[in-house]
Amino acid sequence: MLCRLFVKEKMEGTVFAPALDGMKHVKSADGVILTKPFLDVCKLILPVIDKFGAAMALVKSDIGGNITRLENKYLTNPTKYEHLYSMVQEEVDAKTAKGSSSCTNGLLWLTRAMDFLVELFRNLIHHQDWAMSQACTDSYNKTLKQWHGWLASSSFTVAMKLAPDRTKFLEVVGGKGDVNSDIEKFCATFAPFLEENHKFLASVGMDGLKSS
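Residues numbered from 1 in each chain as written. Predicted model: local features only at pLDDT ≥ 70, side-chain atom pairs only at ≥ 80, totals over all residues. Heavy atoms only, no water.

- Within an unreviewed UniProt entry, the label attached to the protein chain reads Glycolipid transfer protein 1 isoform X1, and the organism entered is Sesamum indicum.

Now the structure itself:
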């Protein structure tokens, strides 16, 4: 009976519910961001991105690729790379952090993509009169655009024209849960992790890298 109730509760929650649960485990007891739990939460956002369809295909591919890069490095030595910033610090010390295939680059762009999503989710809550394309474009302009070159920026602009209807999107991700409440909780809880990432990356001179 308990099992059945649990399954029912899971089905009736929003698409954000698993990520909200996962964020409880992102930091260690002494307040350090842990690699696997952080990457697991990022993975749990992928089903949300799926609901955007073709409009977010590029974003999903970028996020997925960076998660895989960081996860593969972590799996080579889970004890050594238990803390998220350990692999970045190693690259900084070895002077390999600026390489396009570095974990530092992967964490930076993963964090930036998540910045964009958090800003987008905030727009959906705080600007009820905005169409999805407007919410996406505003979020992009505030986050990723300054770091993108002309090609990436142009591709994104085209993709945003494929953005789904906001009402249908919120219905799909909401399930039978309180989607507005879960989005608010997600943004409030996840954004500080992203800010911490930026702060660390800035401390080692790696927060300002741009794409070509």
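**Notes on the nonpolar core**
Okay, so step 1: Phe 38, Ile 63, Phe 121, Phe 186 and Phe 190 are the most contacted members of the largest nonpolar core, which has 71 residues in total.
Okay, so step 2: The dominant element in this core, judged by the number of residues it contributes, is helix α6 (residues 103-126), at 14 residues.
Okay, so step 3: Apart from residues no more than four positions distant in its own chain, Phe 121 is found in contact with Phe 16, Val 48, Phe 52, Ile 183, Phe 186 and Cys 187. (Core = buried A, V, L, I, M, F, W, Y, C linked by side-chain atoms within 4.5 Å. Buried < 20%, exposed > 50% of the residue type's maximum accessible area, 1.4 Å probe, protein only. Helix = DSSP H or I, 4+ residues; strand = E, 2+ residues; numbered from the N terminus. Contact = heavy atoms within 4.5 Å.)

**Some thoughts on helix α4 (residues 57-76)**
Okay, so step 1: For α4, spanning 20 residues, the distance from its first C-alpha to its last is 29 Å, which sits close to the expected 28 Å at 1.5 Å a residue.
Okay, so step 2: Regarding α4, the residues found buried are Val 59, Ile 63, Asn 66, Ile 67, Leu 70, Glu 71 and Tyr 74. Buried positions in α4, seen along its axis, are confined to an arc of 130° and lie on one side of it. Exposed positions of α4 whose direction lies more than 90 degrees from the buried face are Leu 58, Ser 61, Leu 75 and Thr 76.
Okay, so step 3: Of the surrounding secondary structure, the elements contacted by the buried residues of α4 are α3 (35-50), α5 (86-94), α6 and α8 (150-159). (Expected span 1.5 Å × (residues − 1). Arc of directions from axis to C-beta.)

**Some words on the side chain of Asn 105**
Okay, so step 1: Locating Asn 105 in the fold gives a position in helix α6.
Okay, so step 2: Residues contacting Asn 105, with those up to four places away along its chain left out, are Arg 69, Ala 97, Gly 99, Ser 100 and Leu 209.

**Some thoughts on the packing of α4 against α6**
When two helices pack together, you describe them by how their axes are tilted relative to each other and by the distance separating the axes.
Okay, so step 1: At a minimum axis distance of 9 Å, the contact between α4 and α6 shows a crossing angle of 140°. For the element pair α4 / α6, the angle class is oblique. The two elements α4 and α6 cross, and the hand of that crossing is left-handed. Listed contacts from α6 to Val 59, Asp 62, Ile 63, Asn 66, Ile 67, Arg 69, Leu 70 and Lys 73 of α4 are Cys 103, Asn 105, Gly 106, Leu 107, Trp 109, Leu 110, Ala 113, Met 114, Phe 116 and Leu 117.
Okay, so step 2: A per-class count over the contact of α4 with α6 returns 12 nonpolar, 3 polar and 3 charged. (Axes fitted to C-alpha atoms, helices over the stretch in contact; angles between N-to-C directions. Parallel < 35°, antiparallel > 145°, perpendicular 65-115°, else oblique. Left-handed = near helix turned anticlockwise from the far one by under 90°. Nonpolar A, V, L, I, M, F, W, Y, C, P; charged D, E, K, R; others polar.)

**Considerations on the UniProt feature "domain: Glycolipid transfer protein" (unreviewed entry) in the protein chain**
Okay, so step 1: The positions UniProt marks with the feature "domain: Glycolipid transfer protein" (unreviewed entry) are residues 33-174.
Okay, so step 2: Each end of residues 33-174 is marked by a C-alpha atom, and these two atoms are 28 Å apart; helix forms 70% of the span and strand 0%. (UniProt positions renumbered as here; feature names shortened; annotations may be inferred.)

**Considerations on α6**
Okay, so step 1: Taking 1.5 Å as the rise per residue, α6 with 24 residues should run 34 Å; its terminal C-alpha atoms sit 34 Å apart, in good agreement.
Okay, so step 2: Most of α6 is tucked away, with 21 of its 24 residues classed as buried.

**Some points on the pattern of salt bridges**
Okay, so step 1: Summed over all chains, the structure comprises 10 salt bridges.
Okay, so step 2: We note a salt bridge from Lys 73 to Glu 90, for which the minimum N-O separation is 3.7 Å. With Lys 73 in helix α4 and Glu 90 in helix α5, this pair connects stretches of sequence that are 17 residues apart.
Okay, so step 3: For Lys 142, the salt bridge goes to Asp 138, with nearest N and O atoms at 3.1 Å. Here Lys 142 pairs with Asp 138, and both are found in helix α7 (residues 132-142), just 4 residues apart, close to one helical turn.
Okay, so step 4: Its relative accessible area of 46% is what places Lys 142 among the partly exposed residues.
Okay, so step 5: One salt-bridge network, held together by shared partners, links Glu 119, Arg 122, Asp 138 and Lys 142. (Salt bridge = Lys/Arg side-chain N within 4 Å of Asp/Glu carboxyl O.)

**Let's talk about the environment of Val 59**
Okay, so step 1: Summarising the element assignment, Val 59 is placed in helix α4.
Okay, so step 2: For Val 59, a relative accessible area of 7% puts it in the buried group.
Okay, so step 3: Linking Val 59 and Lys 73, residues 14 residues apart in sequence, is a C-alpha distance of 22 Å.

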